[in-house]
Amino acid sequence: MVVNDKLNLTMLCDFYELTMGQGYFSNGYADRITYFDLFFRRCPDGGGFAIAAGLEQIVQYIQDLHFSREDIEYLRGRGMFTEDFLQYLADFRFTGDIWAVPEGTPVFPREPILTVRAPAIQAQLIETYLLLCVNHQSLIATKANRVVRAAEGRTVLEFGSRRAQGADAAILGARAAYIGGCHGTACTISDQLFGVKAGGTMAHAWVQMFDSEYEAFKAYVQMYPNNATLLVDTYNTLKSGVPNAIRVFNEVLKPKGITKCGIRLDSGDMAYLTQQARKMLDEAGWTQCQISVSNSLDEYIIRDVLRQGAKIDMFGVGERLITAKSEPIFGGVYKLVAVEEEDGTVTPKIKISENVGKITNPHYKRLYRFFGNDTGKAIADYLTVYDETVDDSRDLEIFDPEATWKTKKIYNFTAKELQVPIFRKGELVYTLPTLEQIRDYCARQVDTLWDEVKRFDNPQTYYVDLSQKLWDIKYGLLKHNGR
């Protein structure tokens, strides 16, 4: 679903996409077929991989791509565009092809998450929105996956709506966090729109509203006996909060035979307080009472408190997840990699920079992932020219494209092409999976990565290599254009 169906997002573009579009139009390039790759250069937080997300919103955007009469009038008022070009925009629709890796796929630097084949103006115009979708949701899905892995199987909920940078960031951030592995969200509208289960109980204001903490707890448990989670740190966690919670559980839940309940802490030393609270609850017979915590958590804090013996069943993770506070930029880029000549020949294009990391991989390409038949684990990713195929019935030697003397023989493997067709000639050919399917797929695909790649700090670099043919083309272009 579209978060804001009253706003025509076609105009959510950088102005240079329009000025360049008129330039293409005036110079006879409007219909020239181009190929663009969307990729990123480095993983957030120094991690070993990222999680691709945002494709569903791109599909919705492409399907609704049009310039309204108000848009054309605005552009006419700028006094920069010819009437012929404005008429072209008035009749505009996307007629190109798009391939992408499915949402939830682990991805690595400098490999195409999404590829566009389209007339130049069309391909250029959609740049900003494609980057916006992929950059934001991939960033949050990646952060969420780190947090979820740190929790080691415990429930993680996304709690960050009120700290997100705007409504869309909160709503779509909850969606992305769910893809990354979170079990739910505090954001109600994300449940309404996407089915990301929303949950929550009380804030400190509820406890403060009553004359006593005990009365606040009792009133709440009487209303919601089947969802009784009490916030126990408003005054004193161990001296009043936990004892009052136990008293109310005994008075209200025990006579009903209800054993499911919980307490939540939002402050203090989580390791010490949860250990003591667990002991108090168990001694009172509430062994099934779950303990949840919140308060500026991230993957490192979660990992540390668990190592210190914290007794925690659920984590509510807010601002540091929804904003990816430790590194709030994904860094995806969108670059021209080839053009198509009138006879159908595909001519590779390359961007060269003194910053080696900004040199692009040219050409219309295929992206493969190699899986070991004996382990099911991902061995390497492999970029080829579009007209190449990989014969996985034979051994294959791959090499580091930056240090070519580093080689590795791949054997007993299965090659899987990662990108799938999304649009052909402007028509959607991809069946969008449900969010639950995306989340499950993500978990399975992350499980194919070796633990060394999944380390938070100094992860093993995953191989993303070029075929010999693609490497020859790339370095031929570097030599030719670098003169």
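Here, the structure is the one placed above.
Here is a short report on the structure shown in this document. (Residues numbered from 1 in each chain as written. Predicted model: local features only at pLDDT ≥ 70, side-chain atom pairs only at ≥ 80, totals over all residues. Heavy atoms only, no water.)

**Here's the deal with the sheet that holds strand 21 (residues 463-466)**
No. 1: Read from one edge to the other, the open sheet built from four strands follows the order 18-14-15-21, with strand pairing classed as mixed. Strands at the two margins of the open sheet, each flanked by one partner only, are strand 18 (413-417) and strand 21. Put simply, the sheet's adjacent strands are angled 25° from each other on average, direction ignored.
No. 2: Where strand 14 (residues 365-372) meets strand 15 (residues 378-385), seven bridges bridge the pair, whose relative direction is antiparallel. In the sheet register, Phe371 faces strand 15, and the bridge partner there is Ala378.
No. 3: Relative to strand 15, helix 17 (residues 468-481) is tilted by about 55°, and along the sheet it contacts strand 14, strand 15 and strand 21. (Pairing = 2+ DSSP bridges. Helix = DSSP H or I, 4+ residues; strand = E, 2+ residues; numbered from the N terminus. Axes fitted to C-alpha atoms, helices over the stretch in contact; angles between N-to-C directions. Contact = heavy atoms within 4.5 Å.)

**Considering the environment of Glu251**
No. 1: By secondary structure assignment, the location of Glu251 is in helix 11 (residues 237-253).
No. 2: If sequence neighbours within four positions are ignored, Glu251 has contacts with Tyr214 and Lys218.
No. 3: Side-chain polar atoms of Glu251 contact the side chain of Lys218, separated by 3.5 Å. (Polar contact = N/O pair within 3.5 Å; in protein donor to acceptor, adjacent residues only side chain to side chain.)

**Notes on the pattern of salt bridges**
No. 1: The final tally for this structure, using the stated rule, is 29 salt bridges.
No. 2: With a closest N to O distance of 3.9 Å, Arg264 and Asp266 form a salt bridge.
No. 3: The partly exposed category is assigned to Asp266, whose relative accessible area is 24%.
No. 4: Between Arg320 and Asp298 there is a salt bridge whose closest N-O contact spans 3.3 Å. Of this pair, Arg320 sits in helix 14 (residues 319-322) while Asp298 sits in the loop between strand 10 (290-293) and helix 13 (299-307), and the two are 22 residues apart along the sequence. (Salt bridge = Lys/Arg side-chain N within 4 Å of Asp/Glu carboxyl O. Buried < 20%, exposed > 50% of the residue type's maximum accessible area, 1.4 Å probe, protein only.)

**A word on the sheet that holds strand 19 (residues 420-424)**
No. 1: Pairing is antiparallel in the open sheet, where seven strands are placed in the order 13-12-1-5-3-19-20. Of all the strands in the sheet, the pair left with one neighbour each is strand 13 (346-348) and strand 20 (427-428).
No. 2: The pairing of strand 3 (residues 97-100) with strand 5 (residues 114-119) spans four bridges and is antiparallel. By the bridge assignment, Trp99 is partnered in strand 5 with Thr115.
No. 3: Of the strands in this sheet, strand 1 (33-40), strand 5 and strand 12 (332-340) are in contact with helix 6 (residues 127-150), which crosses strand 12 at around 135°.

**Describing unusual backbone geometry**
No. 1: Positive phi values are uncommon outside glycine, yet Ala324 reaches one of about 45°.
No. 2: You can see Ala324 is positioned in the loop between helix 14 and strand 12.
No. 3: The buried category is assigned to Ala324, whose relative accessible area is 2%.
No. 4: At His363, a position not held by glycine, the phi torsion is positive, near 90°.
No. 5: Mapped onto the fold, His363 is located in the loop between strand 13 and strand 14.

**Structural notes on empty space enclosed by the protein**
No. 1: According to the stated counting rule, one finds three cavities of 30 Å³ or more in the structure shown.
No. 2: Of the pockets and cavities examined, the largest cavity occupies roughly 70 Å³.
No. 3: Partitioning the lining of the largest cavity into residue classes produces nine nonpolar, two polar and one charged. (1 Å grid on protein atoms, 1.4 Å probe; cavity = no way out; pocket = protein on both sides within 12 Å on 5 of 7 lines; lining within 4 Å. Points joined across faces, edges and corners; volume = space filled by probe spheres on them. Nonpolar A, V, L, I, M, F, W, Y, C, P; charged D, E, K, R; others polar.)

**Overview of the state of the cysteines**
No. 1: Scanning the entire structure with this criterion turns up zero disulfides.
No. 2: Cys13 takes part in no disulfide bond, and the closest cysteine sulfur, belonging to Cys133, lies 14 Å away.
No. 3: According to the relative accessible area criterion, Cys13 is buried, its value standing at 16%.
No. 4: Cysteine Cys289 is unpaired, with the sulfur of Cys261 as its nearest cysteine sulfur at 3.7 Å. (Disulfide = S-S within 2.5 Å.)

**Observations concerning the environment of Arg366**
No. 1: When you line up the elements, Arg366 lands in strand 14.
No. 2: A relative accessible area of 25% means that Arg366 is categorised as partly exposed.
No. 3: Measuring from C-alpha to C-alpha, the distance between Arg366 and Tyr382 comes to 8.1 Å, with 16 residues separating the pair along the chain.
No. 4: There is a polar contact of 3.2 Å between the side chain of Arg366 and the backbone oxygen of Glu388.

**Focus: the side chain of Lys143**
No. 1: Here Lys143 is to be found in helix 6.
No. 2: Those residues in contact with Lys143 that lie beyond four places of it in its chain are Asp45, Glu299, Arg320, Leu321, Ala324 and Ser326.

**A look at the layout of surface pockets**
Any empty space left between the atoms is revealed when a probe the size of a water molecule rolls over them.
No. 1: In this model, the largest pocket occupies a volume close to 1,200 Å³.
No. 2: Around the largest pocket, the lining comprises 39 residues; the ones closest to its centre are Leu157, Phe159, Gly199, Gly200 and Arg264.
No. 3: Counting residues per element, the ones that place at least two in the lining of the largest pocket are strand 6 (155-158), strand 8 (229-231), strand 9 (262-265), strand 10 and strand 11 (314-317).
No. 4: Tallied by class, the residues present in the lining of the largest pocket amount to 12 nonpolar, 20 polar and seven charged.
No. 5: The computed volume of the second largest pocket comes to approximately 660 Å³.
No. 6: Lining the second largest pocket are 28 residues, and of these Pro109, Thr461, Tyr462, Tyr463 and Val464 sit closest to its centre.
No. 7: Elements that contribute at least two residues to the lining of the second largest pocket include exactly strand 16 (396-399), strand 17 (407-410) and strand 21.
No. 8: With four residues, the top contributor of residues to the lining of the second largest pocket is strand 21.

**Some details on the packing of aromatic side chains**
No. 1: Applying the stated rule across the entire model yields 24 aromatic pairs.
No. 2: Judged by centre distance (4.0 Å) and plane angle (10°), the rings of Phe108 and Tyr462 are stacked. Of the two residues, Phe108 sits in the loop between strand 4 (106-107) and strand 5 while Tyr462 sits in the loop between helix 16 (451-454) and strand 21, which places them 354 residues apart along the sequence.
No. 3: Phe108 gets classed as buried once you look at its relative accessible area, which sits at 1%.
No. 4: Residue Tyr462 is classed as buried on the basis of its relative accessible area of 9%.
No. 5: Here Phe370 and Tyr382 contribute two aromatic rings whose centre-to-centre distance is 5.3 Å and whose plane-to-plane angle is 40°, an arrangement assigned as tilted. A residue pair is termed long-range when its members are at least 10 positions apart, and Phe370 in strand 14 and Tyr382 in strand 15 qualify at 12 residues.
No. 6: The exposure class assigned to Phe370 is buried, which follows from its relative accessible area of 0%.
No. 7: Each residue in the set Phe15, Phe25, Phe67, Phe81, Phe85, Tyr88 and Phe92 is aromatic and connected to the rest through ring pairs, giving one cluster.
No. 8: Lying over the aromatic face of Tyr214, Arg247 brings its terminal NZ or CZ to 3.6 Å of the ring centre. (Phe/Tyr/Trp six-rings, centres within 6.5 Å; stacked < 30°, edge-to-face > 60°. Lys NZ or Arg CZ within 6 Å of the ring centre and 35° of its normal.)

Just geometry here; none of it tells us what the structure is for.
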